Each structure stands twice: as C-alpha cells, then as structure tokens.
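Chain by chain, the residues:
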Amino acid sequence: MVNSRANTLLKGIKDFVVETGELSYFAGRFFKETLKPPFEFKELLRQCYQMGNRSLVLVGVTGFIIGLVLTLQSRPTLIEFGAVSWMPNMVGISIVREIGPVITALICAGRIASGIGAELGSMRVTEQIDAMEVSGTNPFKYLVVTRILATTLMLPLLVVFGDIIALYGSALVENLKGDVSFQLYFNTVFDALSYGDLIPATIKSFFFGFVIGLVGCYKGYYCKKGTAGVGVAANTAVVTASLLLFVVDFIAVFVSDIFYEL
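Scoring rules and cut-offs
Residues numbered from 1 in each chain as written. Predicted model: local features only at pLDDT ≥ 70, side-chain atom pairs only at ≥ 80, totals over all residues. Heavy atoms only, no water. Helix = DSSP H or I, 4+ residues; strand = E, 2+ residues; numbered from the N terminus. Buried < 20%, exposed > 50% of the residue type's maximum accessible area, 1.4 Å probe, protein only. Contact = heavy atoms within 4.5 Å. Areas by Shrake-Rupley, 256 points an atom, 1.4 Å probe, with all protein chains shown as cover. 1 Å grid on protein atoms, 1.4 Å probe; cavity = no way out; pocket = protein on both sides within 12 Å on 5 of 7 lines; lining within 4 Å. Points joined across faces, edges and corners; volume = space filled by probe spheres on them. Nonpolar A, V, L, I, M, F, W, Y, C, P; charged D, E, K, R; others polar. Phe/Tyr/Trp six-rings, centres within 6.5 Å; stacked < 30°, edge-to-face > 60°. Axes fitted to C-alpha atoms, helices over the stretch in contact; angles between N-to-C directions. Left-handed = near helix turned anticlockwise from the far one by under 90°. Arc of directions from axis to C-beta.

Asker: What is the right way to read the overall build of the chain from this model?
Answerer: Of the regular secondary structure elements, the chain holds nine helices and zero strands. Secondary structure elements in the chain, listed N-terminal to C-terminal, are α-α-α-α-α-α-α-α-α. Each principal axis of the C-alpha atoms in the chain carries an extent, and together these give about 65 × 55 × 40 Å. Taking all 262 residues of the chain together, the buried fraction comes to 42%. Taking contacts inside the chain between residues at least 6 apart in sequence as the whole, the part at least 24 apart equals 84%. Accessible surface computed for the chain: about 14400 Å², of which carbon and sulfur atoms make up 70%.

Structure follows, in structure tokens:
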C-alpha cells in the first residue's frame, strides 16, 4: 500500500514536471514564431472578434451582478459602523484592483480556454493540423500565435468593460437605497482610485489573457487521439488555466506590494 502511494506520488510529480517543461517550451516557441514573418493579421482580427465581442454579454452580466451583490452584502456592515459614505471608495478599489480582473479572467477561462482547447483538439483528431503541415503551411503560427495574441489583447478590454458595469451595478444600489446620485458616486470612486490601483490591475490583465490563450492552445494542439481526447483537452484547459490565473495573480500582488513599500 505504501509503495503504491509512493509510486503514485512520484508519477504525479514526474507528470507535473514534464508538463511544466512542455508548456514552457510551447511558450518559448510562441515568442519565437510571433517575431517571424509572415504575420496573420486577418486571422488575428477574426480571433479578437470571436473572443472579445462575443464575450461582452457574459462579462457584462457577471460584472453587473458582482457590483450588486458586493454592495448589498457590504452595506449593512458599513451602516453598523457609520461608514456607509465609504461605500464607493471600498467597492471601487476592490473591483478595479482585484475582483474585476480575477472574476473576468475566470469567466473567460471557462469560455475561451475550453473553446480553444476543443477547437484545436478537434482539428488535431481529424488530422487537419497534420494536413496543414504537409501542405507547407505553418499551423502553429496560424492557429496558436493568433489565438494567444488575441486573448492577450482582448482580456484587458474585457476587464475594463466588466469593471465599468460592476461599478454601475454598485451605483444603482446606492442610488436606490442611499439616494446617492450616479454622478456623485462615480466622482467619489474616481477620486479614491490612483495610478497604483490602475496600472498593476491593467498589467496583470495582459498576463491573464496570455495564460488563458497559452493553456487553451497547448491543451488543444497536443490533444490525444479520439473524441474523448477533445473533451479532456477542453476540461483540463479550463482547470489548468484557472489554477495558473491564481498563481499569476499572487505573483502580481506580491510584486506590486514590493513596489509600494519602495
């Protein structure tokens, strides 16, 4: 029993190390192919539309509900301490600095990473990628580079959109329950925010988008044969991307905290 558990643990560690190395190599190949011509601008624009425009409704609804819920849950506590006037400051900083980027990235990981994994996995299973390689086309540049660049560019825009909708939802609650005008609410939020809140949140949003695209493409591009492999690729893409998002978020918060101390 002990040997069996030890072997299972060793196998898990080995698989983790191997996959980390493969993912790192995949990322290195992405940077190498990105700088080499020709550049697939048309496909990049199409992917930006697919991942950005078609995610607006989902991100908007999620952000609006987050703003509503956060304000409704926080309001009674702030009233108890006589600090309800700090509601716009607290909600604005919380959403812009942490809640907005992380929740939007997780939503996009569920939608985009799984979609990329399933799409590229299906192409791998049906040998379309192999056919592109035989015909002299560079499938990595056409399929992978464009998708990773699209997620990297689109996610910060989706984060900004989600933050605005979340703040609007919070302002709506304050307007109905506290008779606070929308103009006063947003003026208070913008007065509370600083470049130290906006810049780290924006920078880490680019990394979130890169992680989502990288993991989705990696899982789909190296999908195993069979229809079951497509499902596994889509599922593991979401799980792995979500875990890496929290790791990247921790690193971003840790680094920004160091700069704040300096």
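Asker: Is there a simple way to think about empty space enclosed by the protein in this case?
Answerer: Tallied over the entire structure, the rule returns two cavities of 30 Å³ or more. Within this model, the largest cavity holds a volume of roughly 70 Å³. Lining the largest cavity are 13 residues, and of these Gly 63, Ile 66, Gly 100, Thr 104 and Gly 162 sit closest to its centre. Of all elements in the fold, only α3 (56-80), α4 (87-125) and α6 (139-178) reach the threshold of two or more residues within the lining of the largest cavity. The leading source of residues in the lining of the largest cavity is α4, at six residues. Its residues placed into classes, the lining of the largest cavity shows seven nonpolar, five polar and one charged. Counted as a void, the second largest cavity has a volume near 40 Å³. At the level of secondary structure, the elements contributing two or more residues to the lining of the second largest cavity comprise α4, α6 and α8 (195-221). The element best represented in the lining of the second largest cavity is α6, accounting for four residues. Here the lining of the second largest cavity is composed, by residue class, of six nonpolar, two polar and no charged.

Asker: Got a minute to help me understand the packing of aromatic side chains in this structure?
Answerer: Two aromatic rings are characterised by how far apart their centres lie and by the angle between their planes. Within this structure, the stated rule accounts for 16 aromatic pairs. Taken together, a centroid distance of 5.6 Å and an interplanar angle of 25° make the contact between Phe 31 and Phe 210 stacked. Of the two residues, Phe 31 sits in helix α1 (residues 2-34) while Phe 210 sits in helix α8, which places them 179 residues apart along the sequence. On the accessibility criterion, Phe 31 (49% relative accessible area) is partly exposed. In this structure an aromatic cluster arises from ring pairing among Phe 26, Phe 140, Tyr 218, Tyr 221 and Tyr 222.

Asker: Is there a simple way to think about the packing of α3 against α4 in this case?
Answerer: How two helices pack is summed up by the angle between their axes together with the distance between the axes. At their nearest, the axes of α3 and α4 sit 10 Å apart, and the two run at 145° to each other. Crossing geometry of α3 relative to α4 is assigned as right-handed. Across the interface between the two elements, Leu 58, Val 59, Thr 62, Ile 66, Gly 67, Leu 70, Thr 71, Ser 74, Arg 75 and Leu 78 of α3 pack against Met 87, Met 90, Val 91, Ser 94, Ile 95, Ile 99, Ile 103, Thr 104, Ile 107, Cys 108 and Arg 111 of α4. Residues of the contact of α3 with α4, tallied by class, amount to 13 nonpolar, six polar and two charged.

Asker: Honestly, helix α7 (residues 182-192) in this entry has me stumped. Any pointers?
Answerer: The α-helix advances 3.6 residues per turn, and as a result positions three or four apart in sequence lie on the same side. Taken residue by residue, α7 has Tyr 185, Phe 186 and Val 189 as its buried positions. One side of α7 carries all its buried residues, which in axial view fall inside an arc of 90°. Residues Gln 183 and Asp 191 are exposed on α7 and point more than 90 degrees away from its buried face. Looking at the packing, one finds that the buried side of α7 touches α4 and α6.

Asker: So what exactly am I meant to see when it comes to the layout of surface pockets here?
Answerer: Regions of empty space are outlined by a rolling probe, equal in size to a water molecule, passed over the atoms. Volume-wise, the largest pocket comes out at about 440 Å³. Lining the largest pocket are 17 residues, and of these Glu 19, Thr 20, Leu 23, Thr 240 and Leu 244 lie nearest its centre. Those elements giving two or more residues to the lining of the largest pocket turn out to be α1, α8 and α9 (227-261). Here the lining of the largest pocket gets seven residues from one element, more than from any other, and that element is α1. For the lining of the largest pocket, the per-class residue count stands at eleven nonpolar, three polar and three charged. There is about 380 Å³ of room inside the second largest pocket. In terms of lining residues, the second largest pocket is bounded by 13 residues, among which Glu 19, Tyr 218, Lys 219, Tyr 222 and Lys 224 are the most central. Every element with two or more residues in the lining of the second largest pocket is listed here: α1, α8 and α9.

That's the geometry; what it means functionally is another story.
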